[in-house]
Amino acid sequence: MSDPRLTDLLQAVPALRVKTDPADLEHYGRDWTRRWTPAPLAIALPGSIEEVQAVVRWACQHRVAIVPSGGRTGLSGGAVAANGELVLSLERMNRVLDFNAVDRTLTVQPGIALEAVHNAAGEQGLEYPVDFAARGSCSIGGNIATNAGGIRVIRYGNTREWIAGMKVVTGTGELLDLNRGLVKNSSGYDLRHLMIASEGTLGIVVEATLRLTDPPPPSNVMLLALPSFEVLMQVFSAFRERLQLEAFEFFTDRALHHVLAHGAQKPFEETHPYYVVTEFASGDEVQEAAAMAAFETCMDNGWVSDGVISQSDAQAAQLWRLREGITESLARYKPYKNDVSVRISAMPAFLEETQKLLGEAYPHFDVVWFGHIGDGNLHINVLKPDGLDDAEFVSQCEQVTKLLAESLKRHEGSISAEHGIGLVKKGYLESTRSVAEIEMMRGIKRVLDPEGLMNPGKLFDA
Ligand code: 2HG
Ligand code: ZN
C-alpha cells in the first residue's frame, strides 16, 4: 500500500478495511458486463455510516473518484472501476437493523442480499415482493441504484414502490435521512426518489427502510407454447382479463435451447417458436376454472399450441428455471444486452418493427429474446460468435443499437427498462431523455456531488 493517498486514508479512517491485492482489484472492479478491464486504486470496505462519510471526505480532499459497489451483478457497467477509482464496497454493511410490525417496514444496511431481505420479511410473516434471478448475489443498495424490476413488477411494481426511507451520504460526505418511513409526506421535493435509479452518481445509500406486504396468495405456474410472436399480446390479454397475474414472462426457442443445454429439463416433446411462463393466484376452484378458461380461449383461437400447469412446488420451480436460467446459460457467449421498454399499448407495433430490424441487422448472429412482456420490457441478447474479436463484435452491435434507439424514440420507449444506463447505454441516453432533461440531471448532480466524484462517467458525462 505504497500510494500516499491510501496511507492518508488509513490515517483518517483507522478501522477501515482496505484491499489492494491484484485479485481483489479485479474482483471488485467489475460487474457482470466483463467488457472493461478493472483498474481501481483500491477497495475500501467500511463497516459503518461514519466510515463511509470519512471515506467520502478523504476522496474530496484527494480528488479520488468513488465507485459504490454492492453485489456487482449489474449488466450496464454501473459498478465498473476502470480508471483508478476507489471502489467503496458495502458488503460488510449487510445486516437487518430493525423490523417494525406496526409500520410493516424492515430497515437494512445496503450490502444485504435481496434473498436475505426476502428471508427476513418471511420470518415476520410478511413479504418483500421485488424478485429476480440474481436474488442471491445482488444487494439492496444496488437494487435501489438501478430501481431494479424483475419478474413480479406486473403485480408489485419496481423497487421504487417499496422504499419507505433511506439514508444517503452525498458527494460532500453529508448524511441525509430521507422520508424516515413516512407514508404521507407532502413537504417538498422527495430526494429519496431522486436517489432511486441514480446509479451512485449522487451519493451512497447507506441504509434503507423497506415496505413489506402480505405474503402472496397461493399460486400456480403455467408454461405455454406459442406458434408466433404476433399472438403474444393476445395471450397476455386473455390471461390478464381472467386472472390475478403474479408474473407473465416470455422467451424464444433460442432461449430455451440454451437453458436446456445448461441442464434444464425439456418441457414439451415438440419444439415451438415462443414460450410464456405465467404465475397467477390460484387458491380455489373459481380461480382454477378461470385459469382453464384463459388457456382454452387461447387454444381455441390458435394462440397457444401446448401448455403445462405445475402440479407441485418442484414442478413450478422447474418451469421457472426455464425462464430464470436464461442469463446464466448465455454468459459464456459474452452477450451484447439490450433492456428496452415501451408502453404496453405500444408493444405490438414496437415488437413488429424490432423483429424486422433485428432480423435484417443480425442475419448471422444468435439473437435471444426474452423478458417481462407484461411490463412492456424486452431483453434482447445478441451472442458473440466464436472466433469474432470482442471489440469488433461490440462495435457491430452498437451500430444496431443506434437503430434500435431511434425506433425507441419514435415509440416513446426507454433504452434501459431496469438495468440502468451505466457505461453500456450512456451513448443512447438521448433516445429516452431530452437534452433539457439531461442538462437538468447534470445540474442536480452538481448540487449533491459538487466535486464530481460520485461514480463519474456513469449515466452521463458531467
Ligand atoms: C432478467 O430478466 C434479467 O432475467 C437479466 O433482467 C436480463 O440477461 C438479461 O439480459
Ligand atoms: Zn429482466
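Predicted model only: the values in this text are computed from it and were never measured.

(A) Molecular detail of the UniProt feature "domain: FAD-binding PCMH-type" (unreviewed entry) in the chain. Sequence positions flagged by UniProt for "domain: FAD-binding PCMH-type" (unreviewed entry) are, in local numbering, residues 36-215. Annotation note: span residues 36-215, helix share 22%, strand share 23%, distance between end C-alpha atoms 41 Å.

(B) Structural context of the coordination of the zinc ion (ligand 2). Around the zinc ion (ligand 2), the protein supplies His-372 (NE2), His-379 (NE2) and Glu-418 (OE) as donor atoms, at distances of 1.9 to 2.1 Å. Written as a sequence motif, the donor residues of the zinc ion (ligand 2) are H-x6-H-x38-E. For the pair formed by His-372 and His-379, the shared burial category is buried.

(C) View of the sheet that holds strand β9 (residues 203-211). Read across the sheet, five strands follow the order β5-β6-β9-β7-β8 without closing on themselves; strand pairing throughout is antiparallel. The open sheet has two free edges, formed respectively by β5 (96-100) and β8 (175-178), since each of these has just one partner strand. Geometrically, the sheet is characterised by an average inter-axis angle of 15 degrees between neighbouring strands, direction not taken into account. Relative to β9, strand β6 (residues 105-108) runs antiparallel, the two being bridged by four bridges. Note on β9: the bridge partner recorded for Thr-105 is Arg-211. On the sheet, helix α3 (residues 49-62) packs against β7 (163-170), β8 and β9 and is oriented at approximately 40 degrees with respect to β7. Running at roughly 140 degrees to β6, helix α4 (residues 114-123) makes contact with β5, β6 and β9 of the sheet.

(D) Spatial organisation of the side chain of Gln-53. Mapped onto the secondary structure, Gln-53 falls in helix α3. Of note is the side chain of Gln-53, whose polar atom sits 3.0 Å from the backbone oxygen of Gly-173. Residues contacting Gln-53, with those up to four places away along its chain left out, are Val-169, Gly-173, Glu-174 and Leu-175.

(E) Just the site of ligand 1, in detail. The environment of ligand 1 is made up of Leu-75, Arg-323, Thr-327, Lys-337, Phe-370, His-372, His-379, Asn-381, Glu-418 and His-419. A distance of 2.6 Å is found between an oxygen atom of ligand 1 and a side-chain nitrogen or oxygen belonging to Lys-337. A distance of 3.1 Å is found between an oxygen atom of ligand 1 and a side-chain nitrogen or oxygen belonging to Glu-418. Bound to the protein, ligand 1 loses 89% of the 290 Å² it would expose on its own. Elements with a minimum of two residues in the shell around ligand 1: β15 (366-372) and β16 (377-383).

(F) Spatial organisation of the sheet that holds strand β10 (residues 219-226). Strand order in the open sheet made by the seven strands is β13-β10-β12-β11-β15-β16-β14, with antiparallel pairing throughout. The strands lining the two open edges of the sheet, one partner per strand, are β13 (306-309) and β14 (336-341). The mean inter-strand angle of the sheet, taken between neighbouring strand axes irrespective of direction, is 15 degrees. Strand direction decides the pairing type here: strand β11 (residues 245-252) and strand β12 (residues 274-281), joined by seven bridges, are antiparallel. Opposite Phe-248, over in β12, you have Thr-278 as the bridge partner. Strands in contact with helix α11 (residues 313-324) are β10, β11, β12, β13, β15 and β16; relative to β11, the strand with the most contacts, it is inclined by about 50 degrees. Running at roughly 5 degrees to β14, helix α14 (residues 390-410) makes contact with β14 and β16 of the sheet.

(G) Spatial organisation of a nonpolar patch on the surface. Judged by side-chain polarity, Tyr-189, Leu-191, Leu-194 and Ile-444 come together as a nonpolar surface patch covering roughly 400 Å² of accessible area. Within the secondary structure, Leu-191 sits in helix α7 (residues 191-195).

(H) Structural detail: the domain arrangement of the chain. Assigned domains of the chain: these are domain 1 (4-91), domain 2 (96-211), domain 3 (219-327) and domain 4 (334-438). Here the C-alpha centre of domain 4 lies 28 Å away from the C-alpha centre of domain 2. Listed by partner, the interface residues are eight residues for domain 2 and eight residues for domain 4. Interface area for domain 2 against domain 4, summed over the two sides, is near 550 Å², with a carbon-plus-sulfur share of 43%. Connecting domain 2 to domain 4 are zero salt bridges. On inspection of domain 2 and its partner domain 4, the count reaches five residue pairs in polar contact (both at pLDDT 80 or more).

(I) Up close: the environment of Leu-45. Relative to the helices and strands, Leu-45 resides in strand β2 (residues 42-45). Excluding residues within four positions of it along the chain, Leu-45 makes contact with Leu-16, Arg-17, Lys-19, Tyr-28, Glu-51, Ser-89, Glu-91 and Arg-92.

(J) Structural context of the side chain of Glu-418. For Glu-418, the location among the structural elements is in the loop between α14 and α15 (435-448). Although Glu-418 is buried, it forms no salt bridge, and the closest oppositely charged side chain is Arg-323 at an N-O distance of 5.9 Å. Polar contacts involving the side chain of Glu-418 include one to the side chain of His-379, which spans 2.9 Å. The residues contacting Glu-418, other than those within four sequence positions of it, are Thr-146, Ala-148, Gly-149, Gly-150, Asp-339, His-372, Asn-377 and His-379.

(K) Just the nonpolar core, in detail. With 57 residues, the main nonpolar core has Leu-224, Leu-226, Val-235, Phe-239, Trp-369, Ile-373 and Leu-378 as its most contacted residues. Two domains each put at least three residues into this core: domain 3 (219-327) and domain 4 (334-438). Sequence-distant contacts of Leu-378, defined by excluding residues within four places in its chain, comprise Phe-250, Asn-338, Asp-339, Val-340, Met-347, Phe-350, Leu-351, Trp-369, Phe-370 and Ile-373. Among the nonpolar cores identified, the runner-up in size contains 31 residues, and Leu-114, Cys-138, Met-166 and Leu-176 belong to it.

(L) Geometry of the pattern of salt bridges. Across all of its chains, the model carries 24 salt bridges by this definition. With a shortest N-O distance of 2.9 Å, Arg-5 and Asp-3 are connected by a salt bridge. In this structure, Glu-207 engages Lys-167 in a salt bridge whose closest nitrogen and oxygen atoms are separated by 3.7 Å. Residue Glu-207 is located in strand β9, and its partner Lys-167 is located in strand β7; the two are separated by 40 residues in the primary sequence. Given a relative accessible area of 22%, Lys-167 falls into the partly exposed group. Taken together, the salt bridges that share partners define one network made up of Asp-131, Arg-135, Arg-152, Glu-279 and Glu-324.

What counts, and where the lines are drawn
Residue positions within a chain follow its written sequence, with the count starting from 1. Whichever chain is written first becomes A and whichever ligand is written first becomes 1, with later ones labelled in order. In keeping with the predicted nature of the model, local features appear solely for residues at pLDDT of at least 70, side-chain atom pairs appear and are counted solely at 80 or more, and the whole-chain, interface and lining totals rest on all residues. Side-chain numbers come from the whole structure's heavy atoms, not from hydrogens or water. UniProt positions are given in the numbering used here, feature names are shortened, and annotations may be inferred rather than shown by experiment. Strands are runs of DSSP state E lasting at least 2 residues, helices are runs of H or I lasting at least 4, and numbering of each runs from the N terminus. Nitrogen, oxygen and sulfur within 2.8 Å of a metal are treated as its donors, or within 3.2 Å for sodium, potassium and calcium (Na, K, Ca); water is not counted, so a site can appear incomplete. Here the term buried applies to any residue with accessible area under 20% of the maximum for its type, exposed to any over 50%, and partly exposed to those in between, with areas from a 1.4 Å probe on protein chains only. In this scheme, strands are said to pair when DSSP sees at least two bridges between them. Axis definition: a line fit to C-alpha positions, over the contact stretch in the case of helices; interaxial angles, taken between N-to-C directions, run 0 to 180 degrees. Residue contacts follow a heavy-atom distance rule, with two residues in contact if any of their heavy atoms lie within 4.5 Å. Polar contacts, as counted here, are pairs of nitrogen or oxygen atoms within 3.5 Å of one another; within protein the pair requires one atom able to donate a hydrogen and one able to accept it, and residues that are adjacent in sequence qualify only if both atoms are side-chain atoms. The near set for a molecule or strand comprises every residue that places at least one heavy atom within 4 Å of it. Using a 1.4 Å probe, the Shrake-Rupley method yields the accessible areas, and only the shown protein chains count as cover for residues. Within the patch definition used here, like charges are joined within 9 Å and nonpolar side chains (Val, Leu, Ile, Met, Phe, Trp, Tyr) within 5 Å, considering only residues with over 30% relative accessible area and no salt bridge. Put simply, a salt bridge is a Lys or Arg side-chain nitrogen that is within 4 Å of an Asp or Glu carboxyl oxygen. For each domain, the first and last residues come from an automatic or database assignment. Accessible surface is computed with a 1.4 Å probe, and the buried area is the amount of it that two parts give up when combined, taken over both parts together. All tallies of charge rest on Lys and Arg as positive and Asp and Glu as negative; His and the ends of each chain are not included. To form a nonpolar core, buried Ala, Val, Leu, Ile, Met, Phe, Trp, Tyr and Cys residues must be joined to one another through side-chain atoms within 4.5 Å.

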